[in-house]
Amino acid sequence: MCGIVGYIGKRQVTPILLEGLKKLEYRGYDSAGVAVYHENKVNVMKAKGRLKILEERLDGGKKLTGTMGIGHTRWATHGEPSDVNSHPHTSTSGCIAIVHNGIIENYLRLREFLTGKGYTFVSDTDTEVVAHLTDYYYEGDLVDTIIKVMQKVEGSYALGIICNDKPGELVAVRKDSPLIVGLGENENFIASDIPAILEYTRNIYLLEDKEIVRLTQDEVTIYNSDKEEISKEVFTVNWDVSAAEKGGYEHFMIKEICEQPKAIKDTIGPRIQNGGITLDDIKLTKQDIEAIRKIYIVACGTAWHAGIVGKTAIERLARIPVEVDLASEFRYRNPIIEEGTLVIIISQSGETADTLAALREAKKRGARILSVVNVVGSSIARESDDILYTWAGPEIAVASTKAYTTQLSAMYLIALHMGVVKGHITQDEVNTIVRHFEQIPDKVQSILENKESIQYFASKHYNAKHVFFIGRGLDYNIALEGSLKLKEISYIHSEAYAAGELKHGTIALIEKGTLVVALATQDHLFEKMLSNIKEVKARGAVVLAIAQETNREIEKEADFVLYIPETDPLLTTIQTVVPLQLFAYYVSVEKGCDVDKPRNLAKSVTVE
Ligand code: AGP
């Protein structure tokens, strides 16, 4: 998704914009640009491609001196990646420059209206209509102007605006796309996300939808859409700059894979006390939980893969019926929300457009919302009734790893808590599971210490054209995640299949040399999985198996076996996924792919 950075203060702005945009590269982009107030007017420089191309054109920032400006990294939605389609976009006179993250849904109608008013367009983007509409309404006050623009524009937006007439102010507004305000000493910032400005300030405002902010060097004023001033609490960021840096690792992804023991410990530690579960962060009372008749879990991508594990955990421990929905489907299928329905929203970024829209749809229908989110103060967090934060720290790599295993941990915490409240599991059962749960971080660490064996296997199979991940029950859930990881960072086609389903068609695709990753960690399904491994072996497949270290007979059937430390069968998921994350990572590195910023993908999909 697009990234926005803005600055007004005493320092040279262009290097600050470039450094800030670099910290937002993980969001995915295909072009970049800046607009700087320089020599008494707004000057724009933009370029298709990576940031370093823009940096060269700017001679590292020397070409555009000035102390106020806005910058943007564009992830193309309307109009191909090109110089002219890059942001910032300007009014025809060049007087006004804007950067935008989101989608203007009625841009064609606005383009027609503005063309009728004599405006000419140079780009194929939706964003350019906002530049001309701002010009159309501008009569000297940028806040008044933006309020008028907001009344005309439909869709999602985070906007940064500067103007020739106003060298001392920068205006911004957000609706459905994230935007924060950084508060400095004689300087102030806007940004799409915290890493862009963290080296300058930890004190930020989290803008709500339709809030407009006017920044000067010394002042930050926030207005609602009636131009009434709003006071806000300052949010202080508590994670350090290094958390958003590679810290000596070659890629963010391997760093974040290796941070999982700490991330899981940080997520479950405060919530396991005296062998029991305490979810103080959520306001759901015992009575509320006893009244729950149905749970929907709604999410996208990897977060959805955490949700399907959550279904098994909650139904097994709390005996509450759970339905898991893709957010992009849930929001359009007229879901049945009745008395006693809880909707659990899972999202790492807390900004995924489909997931946020699904939350609003559920809330509109009367559901109570519990969200599992990794970004404090994100849009989804702010619109939920209850939040269970995953304390994974900032996840920069596009492919989610530590956020996923902490989402799994959160699902187990919720299931255990509800199971106890509903009286479906005894305290002894809770103690047993919790004891295993507390050992998981160290067991994950032991898998990480054996990552070279996975790197070796990846070096033998990185040229695979098709890979099949098969499993049963919870292993099938993890197979889905392992397949997505491989696809999204190595671009190898892969499919996850319920192992029992293979013989109903897809096994026709298995031929000599086909790579099959077989997950066999569930004791009660182990024999069945051995049969499935034999089935695919009989057709020439090469099988990488993952099993608990107590099930060594699997070596007779598989070509290569990775063992995970023994644990409660319900909890194996957190361990089983780690070799799959590593496998995908090493294959991607062997193929020379852009591991942290895979093609076509964005870290936070803030558009539909
Ligand atoms: C996971 O590796 C992907 N980057 C993607 O599927 C992601 O999980 C999905 O877009 C949901 O993102 P969210 O958790 O921030 O809502």
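Going by the structure above, here's the rest.
What you are looking at is a predicted structure, and each value in this text was computed from that prediction instead of being measured. (Residues numbered from 1 in each chain as written. Predicted model: local features only at pLDDT ≥ 70, side-chain atom pairs only at ≥ 80, totals over all residues. Heavy atoms only, no water.)

**Student:** Can you help me understand the overall build of the chain in this one?
**Tutor:** Of regular secondary structure, the chain possesses 18 helices and 27 strands. Since a compact globule built from 608 residues should have a radius of gyration of about 25 Å, the 25 Å found for the chain is in line with a globular shape. Projected onto the principal axes, the alpha-carbon positions of the chain cover approximately 75 × 55 × 45 Å. Here the chain, with 608 residues, has 62% of them falling under the buried criterion. Considering only intrachain contacts with a sequence separation of at least 6, the fraction spanning at least 24 residues in the chain is 71%. As displayed, the chain has an accessible area near 22700 Å², and 47% of this comes from carbon and sulfur atoms. Positive and negative side-chain charges in the chain, numbering 69 and 84 respectively, have mean positions lying 3 Å apart. (Helix = DSSP H or I, 4+ residues; strand = E, 2+ residues; numbered from the N terminus. Rg over C-alpha atoms; globule rule 2.2 N^0.38 Å. Buried < 20%, exposed > 50% of the residue type's maximum accessible area, 1.4 Å probe, protein only. Contact = heavy atoms within 4.5 Å. Areas by Shrake-Rupley, 256 points an atom, 1.4 Å probe, with all protein chains shown as cover. Lys, Arg positive; Asp, Glu negative; His and termini not counted. Charge placed at Lys NZ, Arg CZ, Asp CG, Glu CD.)

**Student:** How do you make sense of the pattern of salt bridges when you look at a structure like this?
**Tutor:** It is possible for side chains bearing opposite charge to pair when their charged atoms get close. Counting across every chain of the model gives 39 salt bridges. The partner of Arg109 in a salt bridge is Glu154, and the shortest N-O contact between them spans 3.4 Å. Of this pair, Arg109 sits in helix H3 (residues 107-116) while Glu154 sits in the loop between helix H5 (142-152) and strand S7 (155-163); the two residues are 45 residues apart in sequence, bridging distant segments of the chain. In this structure, Glu323 engages Lys294 in a salt bridge whose closest nitrogen and oxygen atoms are separated by 2.4 Å. Linking Glu323 in strand S19 (residues 322-326) with Lys294 in strand S18 (residues 294-299), this pair joins segments that are 29 residues apart in sequence. (Salt bridge = Lys/Arg side-chain N within 4 Å of Asp/Glu carboxyl O.)

**Student:** Could you clarify how one ought to interpret the site of the ligand in this entry?
**Tutor:** Taken together, 14 residues are adjacent to the ligand, and Ser347, Gln348, Ser349, Thr352 and Glu488 come closest. For the ligand, an oxygen atom lies 2.7 Å from a polar atom in the side chain of Ser347. At 2.7 Å from an oxygen atom of the ligand is found a side-chain nitrogen or oxygen belonging to Ser349. Burial of the ligand by the protein chains amounts to 91% of its free accessible area of 410 Å². Those elements giving two or more residues to the shell around the ligand turn out to be helix H9 (301-317) and helix H16 (474-490). Class assignment of the residues belonging to the shell around the ligand gives a composition of 5 nonpolar, 7 polar and 2 charged. (Near = heavy atom within 4 Å. Polar contact = N/O pair within 3.5 Å; in protein donor to acceptor, adjacent residues only side chain to side chain. Nonpolar A, V, L, I, M, F, W, Y, C, P; charged D, E, K, R; others polar.)

**Student:** Would you mind going over the sheet that holds strand S12 (residues 211-215) with me for this structure?
**Tutor:** Neighbouring strands of a sheet are bound in pairs by backbone hydrogen bonds; such pairs are parallel or else antiparallel. Read across the open sheet, the 7 strands follow the order S5-S6-S7-S8-S12-S13-S14; overall the sheet is antiparallel. The open sheet has two free edges, formed respectively by strand S5 (89-90) and strand S14 (229-230), since each of these has just one partner strand. Sheet analysis places strand S8 (residues 170-175) next to S12, joined by 5 bridges and oriented antiparallel. Residue pairing in the sheet places Val173 in a bridge with Ile212 of S12. (Pairing = 2+ DSSP bridges.)

**Student:** Hey, could you run me through the sheet that holds strand S1 (residues 3-8) in this one?
**Tutor:** Read from one edge to the other, the open sheet built from 8 strands follows the order S3-S2-S4-S1-S10-S9-S11-S15, with strand pairing classed as antiparallel. With partners counted over all chains shown, the strands left at the sheet margins are strand S3 (41-48) and strand S15 (235-236), one partner each. Judged from the 2 bridges that link them, strand S11 (residues 203-206) and S15 form a sheet pairing that is antiparallel. Following the sheet pairing, Ile204 is matched in S15 by Phe235.

**Student:** What's the story with the packing of aromatic side chains in this structure? I'm lost.
**Tutor:** Counted under the stated rule, the structure contains 10 aromatic pairs. For the pair Tyr136 and Tyr137, a centre-to-centre distance of 5.0 Å together with 75° between the ring planes defines the contact as edge-to-face. For Tyr136, a relative accessible area of 32% translates into the label partly exposed. The class of Tyr137 is buried, set by a relative accessible area of 16%. (Phe/Tyr/Trp six-rings, centres within 6.5 Å; stacked < 30°, edge-to-face > 60°.)

**Student:** Looking at this model, I keep getting lost on the packing of helix H7 (residues 260-268) against helix H13 (residues 402-422). Mind explaining?
**Tutor:** Two numbers describe a pair of packed helices, the interaxial angle and the distance between the axes. One way to put it is that H7 packs onto H13 with a least axis distance of 9 Å and a crossing angle of 30°. On the basis of the axis angle, H7 is roughly parallel to H13. Crossing handedness for the pair H7 and H13: right-handed. The residues of H13 that touch H7, namely those facing Gln260, Ala263, Ile264, Thr267 and Ile268, are Lys402, Thr405, Thr406, Ser409 and Leu413. (Axes fitted to C-alpha atoms, helices over the stretch in contact; angles between N-to-C directions. Parallel < 35°, antiparallel > 145°, perpendicular 65-115°, else oblique. Left-handed = near helix turned anticlockwise from the far one by under 90°.)

**Student:** Mind showing me how you'd approach the side chain of Gln581 here?
**Tutor:** For Gln581, the location among the structural elements is in helix H18 (residues 572-590). Polar contacts involving the side chain of Gln581 include one to the side chain of Gln260, which spans 2.7 Å.

**Student:** Quick question: what am I supposed to make of the environment of Tyr412 here?
**Tutor:** Inspection of the secondary structure puts Tyr412 in helix H13. Taking relative accessible area as the criterion, Tyr412 reaches 1% and is therefore assigned buried. For the pair formed by Tyr412 and Ser459, sequence separation is 47 residues and the distance between their alpha carbons is 34 Å. Once you skip the residues sitting within four places of it in the chain, Tyr412 turns out to touch Val309, Ala313, Phe437, Leu570, Leu571, Thr573 and Ile574.

**Student:** What am I meant to see in unusual backbone geometry here?
**Tutor:** Comment: phi is negative for the bulk of residues other than glycine, and the bulk of peptide bonds are trans. A cis amide bond, omega 0°, links His87 with the succeeding residue Pro88. Within the fold, Pro88 resides in the loop between strand S4 (68-74) and S5. With phi around 65°, Lys210 is a residue other than glycine that occupies positive phi space. Secondary-structure assignment places Lys210 in the loop between S11 and S12.

**Student:** What should I look at first to understand the environment of Val149 in this one?
**Tutor:** Among the secondary structure elements, Val149 is positioned in helix H5. When its relative accessible area of 2% is taken as the criterion, Val149 is described as buried. Remark: the alpha-carbon pair of Val149 and Ile564, spanning 415 residues in sequence, is separated by 57 Å.

**Student:** Help me out: how do you make sense of the pairing of strand S25 (residues 515-520) in this one?
**Tutor:** Two faces, one strand: in a regular strand the side chains alternate between the faces of the sheet. Within S25, 6 of the 6 residues are buried, leaving the element largely enclosed by the surrounding structure. Going residue by residue along S25, you find Leu515, Val517 and Leu519 tucked away on one face and Val516, Ala518 and Ala520 tucked away on the opposite face as well. The sheet contact formed by strand S23 (residues 466-471) and S25 spans 4 bridges and is parallel. Residue pairing in the sheet places Ile470 in a bridge with Ala518 of S25. With 6 bridges joining them, S25 and strand S26 (residues 542-548) adopt parallel strand pairing. Following the sheet pairing, Leu519 is matched in S26 by Ile546.

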